[in-house]
Amino acid sequence: MKDMVGQERVVRWLQSSVRQNRLAHAYLFTALHMDEPIRMAIQLAKTLNCEKKDIDACDSCSTCIQIEHGNHPDVVKIQPDGAYIKIDQVRAVQASFRYRASNHITRILIIESAEKMRLETANSLLKFLEEPISPMVAILITDKKERILPTIQSRCQWVRFSPPSVHKQMEQYVGAGFTSADAQLLASLKYKEELNALSSLEFRDLLGKLNNWCHDFVTGNDSALLEVQVGWLADVCAQGQVKSVLELLLICLREKLTKQTHYFSQKNESESATTLAMENVLIASRLVQKTEVSSPAVLEQMVIATQEKRKSKPDDWRLIVI
């Protein structure tokens, strides 16, 4: 846990709990970006099961290595299956944890995007948390605490993560090979974690595609819709990068309106068309926050409304529910 730069307060608190053997049976990790809570959950799992038995993981014993690589049988991660976390996923963990663990093992259950649990899933988890067969710690991770059932929240200890400073984020991106400009742009994004798998070259390629597509989008070119349906934007939807790409699109449109060139090149578009496009992107950005909608359909409706030179309206949105 000592390597969690920027989260020293959380690290000290968890280390103190480990030292005093006062860990809670369930935690709710909340943050604007999921990367750090997920890393902290893995680090805590390693610390509790490390063969060296210290207040921090050694990262070199066979148990630490297994957990780091995601193949330890007593450390299980649940992620949404489609739009939701389903009851069968929790039941599968219950089945795998049916028997008592080996001595000195603390089972860890990590639930990412915990706000996506259906009611019946949350109730099943609740019973599981209250009747563990052997020592277990559940870690629920979310960026939308308000969507977690009060009954679940009341049984978890809340751990709030501090966002790293923009300067620290930029340093990390530059260290990973990004240019200073690209590092600054990434650090400004709210949903940057969607792009974490991209290399610096892949990010440059994404910006180039977005810059060219933005012109077609604003001017009503038919190719803009085609890219959403079968082109690179279809891949963006499949890879779960829609929120961050819409953020980048807004920045591109804003530069067109202000006649500034920081990250994107300028092309000839009318101010009224650019303003309309921005309004439709803002609507789409709000819609993709909803778990029950289809991201490709949101983008299609955004493009169609802009091509028809009108603002997207609720009648368009009826067809985007999954």
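Scroll up to find the structure.
Keep in mind the model is a prediction, meaning the values are calculated, not measured. By convention here, each chain's residues receive numbers from 1 onward along its written sequence. Per-residue local features are limited, in this predicted model, to residues with pLDDT of at least 70; the limit for side-chain atom pairs, both in listing and counting, is 80 or more; totals at the level of whole chains, interfaces and linings are taken over all residues. Values reported for side chains reflect all heavy atoms of the structure, with hydrogen atoms and water molecules removed beforehand.

Asker: Any details on the overall build of the protein? Residues and values, ideally.
Answerer: In terms of helices and strands, the protein carries 15 helices and 5 strands. Over its C-alpha atoms, taken along the principal directions, the protein stretches across nearly 70 × 40 × 30 Å. When the 322 residues of the protein are sorted by exposure, 49% land in the buried category. Computed by Shrake-Rupley with a 1.4 Å probe, the accessible areas treat only the displayed protein chains as cover when residues are assessed. As presented, the protein carries roughly 16100 Å² of accessible surface, and 51% of it is formed by carbon and sulfur atoms. For the protein, the distance from the average site of its 40 positive side-chain charges to the average site of its 39 negative ones is 6 Å. Strands are runs of DSSP state E lasting at least two residues, helices are runs of H or I lasting at least four, and both sets are numbered from the N terminus onward. To sort residues, take the accessible area from a 1.4 Å probe on protein chains only and compare it with the maximum for the residue type: under 20% means buried, over 50% means exposed, and anything in between is partly exposed. Lys and Arg are tallied as positive, Asp and Glu as negative. Neither His nor the chain termini are counted. Charge positions come from single atoms, namely NZ of Lys, CZ of Arg, CG of Asp or CD of Glu.

Asker: Could you give an account of the pattern of salt bridges, with specific residues and numbers?
Answerer: Definition used for salt bridges: Asp or Glu carboxyl oxygen within 4 Å of a side-chain nitrogen of Lys or Arg. With the rule as written, the count across this model stands at 12 salt bridges. The partner of Lys86 in a salt bridge is Asp81, and the shortest N-O contact between them spans 3.7 Å. Taken together, the shared-partner salt bridges connect Lys46, Asp59 and Glu68 into one network.

Asker: Tell me about the pairing of strand β1 (residues 26-30), and name the residues and values.
Answerer: Counted residue by residue, β1 has 5 buried out of 5 residues, so it is predominantly covered. Here β1 shows no split at all, with Ala26, Leu28 and Thr30 on one side and Tyr27 and Phe29 on the other all buried. Pairing between two strands is assigned when DSSP locates at least 2 bridges connecting them. By the bridge criterion, 5 bridges tie β1 to strand β4 (residues 136-142) in an arrangement that is parallel. Note that in β4 the partner of Ala26 across the bridge is Ala138. With 4 bridges connecting them, β1 and strand β5 (residues 157-160) associate as parallel partners. Looking at the pairing, Tyr27 lines up with Gln157 of β5.

Asker: Pulling in residues and values, what's your account of the pairing of β4?
Answerer: Within β4, 7 of the 7 residues are buried, which leaves it mostly tucked inside the rest of the structure. A two-sided burial pattern is seen for β4, the buried positions comprising Met136, Ala138, Leu140 and Thr142 on one face and Val137, Ile139 and Ile141 on the other. Of the pairings in the sheet, the one linking strand β3 (residues 107-111) to β4 comprises 5 bridges and is parallel in character. If you follow Leu109 over to β4, its bridge partner there is Ala138.

Asker: I'd like to hear about helix α2 (residues 35-49), residue by residue, with values.
Answerer: Along an α-helix, residues three or four positions apart point the same way, because every turn accommodates 3.6 residues. Multiplying 1.5 Å by the residue count of a helix minus one yields the expected span of that helix. For α2, which comprises 15 residues, the first-to-last C-alpha distance of 22 Å matches the rise-based estimate of 21 Å (1.5 Å per residue) to within 8%. Judged by how many residues are buried, α2 sits mostly within the fold: 13 of 15 residues are covered.

Asker: If you had to explain the side chain of Gln7 to someone new, which residues and values would you point to?
Answerer: Mapped onto the secondary structure, Gln7 falls in the segment before α1 (8-19). In this structure the side chain of Gln7 is engaged in a polar contact, spanning 2.3 Å, whose partner is the backbone oxygen of Ser162. Residues count as neighbours in contact if any of their non-hydrogen atoms are within 4.5 Å of one another. Aside from chain neighbours lying at most four places away, what touches Gln7 is Glu36, Met40, Phe161 and Ser162. Definition of a polar contact: a pair of N or O atoms within 3.5 Å, with one able to donate and the other able to accept a hydrogen when the atoms are protein atoms, and with sequence-neighbouring residues admitted only if both atoms are side-chain atoms.

Asker: So what about the state of the cysteines? Which residues, and what values?
Answerer: Note on terminology: disulfide denotes any pair of cysteine sulfur atoms within 2.5 Å. Applying the stated rule across the entire model yields 0 disulfides. The cysteine Cys50 is free of any disulfide, with Cys58 supplying the nearest cysteine sulfur at 3.5 Å. For Cys50, a relative accessible area of 0% translates into the label buried. In this structure Cys61 is a free cysteine whose sulfur lies 3.6 Å from that of Cys64, the closest cysteine sulfur available. Looking at Cys61, the relative accessible area reads 8%, which means it is buried.

Asker: Requested: an account of the nonpolar core, with residues and values cited.
Answerer: Counting residues in hydrophobic clusters, the biggest one holds 45 residues, and the most contacted among them are Phe203, Trp213, Phe217, Leu249 and Met302. Of all the elements in the fold, those that place two or more residues in this core are α8 (180-187), α9 (200-219), α10 (223-230), α11 (232-238), α12 (242-258), α13 (271-287) and α14 (295-307). Ranked by residue count, the leading element in this core is α12, at 9 residues. Met34, Ile38, Ile42 and Val137 belong to the second-largest nonpolar core, a separate cluster that totals 25 residues. In these notes, a set of buried Ala, Val, Leu, Ile, Met, Phe, Trp, Tyr and Cys residues joined through side-chain atoms within 4.5 Å is what counts as a nonpolar core.

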